[in-house]
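Geometric and topological summary
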Amino acid sequence: MSFFFVAFGGALGAMGRYAISLIPTKTEFPVLTLLTNLLGALLIGAITGIVAKNDRISANAILFWKTGVCGGFTTFSTFSLEALALLEKKAYFLGALYIALSVAGCMIGVLCGRKLSVFFR
């Protein structure tokens, strides 16, 4: 049953991300992606704050909002939450390492994926 909550939330999050991408802009700067990531971070922060203060929220509701909606909207929100959690625990080296590896690793992954895509044309 938990998969249903994640799937439904993910669908809503993905639709929200797509809706934002349809806003007309006149800039080369990826302002809509930035907006999506900032909203996702704000949302996952609010969700974790609410959950921390309210033990009556069901595990399925948490899965729906955090993993589903936020995950479908942007995984950057989860990355931000996890990085902040490491820094708040004073695990500064691990936090910085996680941030650096995530950003650099994902950029390298995109580059490698582009290079490998020639084999699938």
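Before reading further, recall that the structure is shown in the block above.
The structure displayed is predicted, hence computed values, not measured ones.

Structural notes on the packing of helix α1 (residues 2-21) against helix α2 (residues 31-53)
Look at α1 against α2: their axes get within 9 Å of each other, and the N-to-C directions meet at 145 degrees. In the crossing of α1 with α2, the sense of the turn from one axis to the other is right-handed. In contact with Arg17, Ile20 and Ser21 of α1, α2 contributes Leu32, Leu35, Thr36 and Leu39.

Section: a nonpolar patch on the surface
Together, Met1, Phe4, Phe8, Leu12 and Met15 give the surface a local cluster of nonpolar side chains, amounting to about 560 Å² of exposed area. Mapped onto the fold, phenylalanine 8 is located in helix α1.

Digging into helix α3 (residues 59-73)
Compared with an ideal rise of 1.5 Å per residue, which puts 15 residues at 21 Å, α3 spans 20 Å between its outermost C-alpha atoms and is within 8% of the ideal. Burial in α3 covers these residues: Phe64, Gly68, Val69, Cys70, Gly72 and Phe73. Close packing links the buried residues of α3 with α1, α2 and α4 (76-88).

Looking at α2
Each α-helix winds once per 3.6 residues, and so residues spaced three or four apart point in a common direction. For α2, with 23 residues, the first-to-last C-alpha span of 33 Å sits near the 33 Å given by 1.5 Å per residue. All of the buried residues along α2 are Leu32, Thr36, Asn37, Gly40, Ile44 and Ile47. Looking at the buried positions of α2, the neighbouring elements they touch are α1, α3 and α4.

Quick look at the packing of aromatic side chains
Across all of its chains, the model carries six aromatic pairs by this definition. Taken together, Phe4, Phe5, Phe8, Phe64 and Trp65 form an aromatic cluster joined through their ring pairs.

Section: the environment of valine 110
The topology assignment puts valine 110 in helix α5 (residues 92-116). Spatially, the C-alpha atoms of valine 110 and isoleucine 57 are 37 Å apart, while their sequence positions differ by 53 residues.

Quick look at the side chain of threonine 36
Topologically, threonine 36 is positioned in helix α2. Note on threonine 36: relative accessible area 6%, which makes it buried. Those residues within four positions of threonine 36 in sequence are excluded, and the remaining contacts are Arg17, Ile20, Phe73 and Thr74.

Let's talk about unusual backbone geometry
Look at lysine 90: it is not a glycine, yet its phi comes out positive at around 65 degrees. As for its position among the elements, lysine 90 is in the loop between α4 and α5. Residue classification places lysine 90 among the exposed residues on the basis of a relative accessible area of 61%.

Parameters at a glance
- Residues numbered from 1 in each chain as written.
- Predicted model: local features only at pLDDT ≥ 70, side-chain atom pairs only at ≥ 80, totals over all residues.
- Heavy atoms only, no water.
- Axes fitted to C-alpha atoms, helices over the stretch in contact; angles between N-to-C directions.
- Helix = DSSP H or I, 4+ residues; strand = E, 2+ residues; numbered from the N terminus.
- Left-handed = near helix turned anticlockwise from the far one by under 90°.
- Contact = heavy atoms within 4.5 Å.
- Patch = residues over 30% accessible without salt bridge, like charges linked within 9 Å, V, L, I, M, F, W, Y side chains within 5 Å.
- Areas by Shrake-Rupley, 256 points an atom, 1.4 Å probe, with all protein chains shown as cover.
- Salt bridge = Lys/Arg side-chain N within 4 Å of Asp/Glu carboxyl O.
- Expected span 1.5 Å × (residues − 1).
- Buried < 20%, exposed > 50% of the residue type's maximum accessible area, 1.4 Å probe, protein only.
- Phe/Tyr/Trp six-rings, centres within 6.5 Å; stacked < 30°, edge-to-face > 60°.

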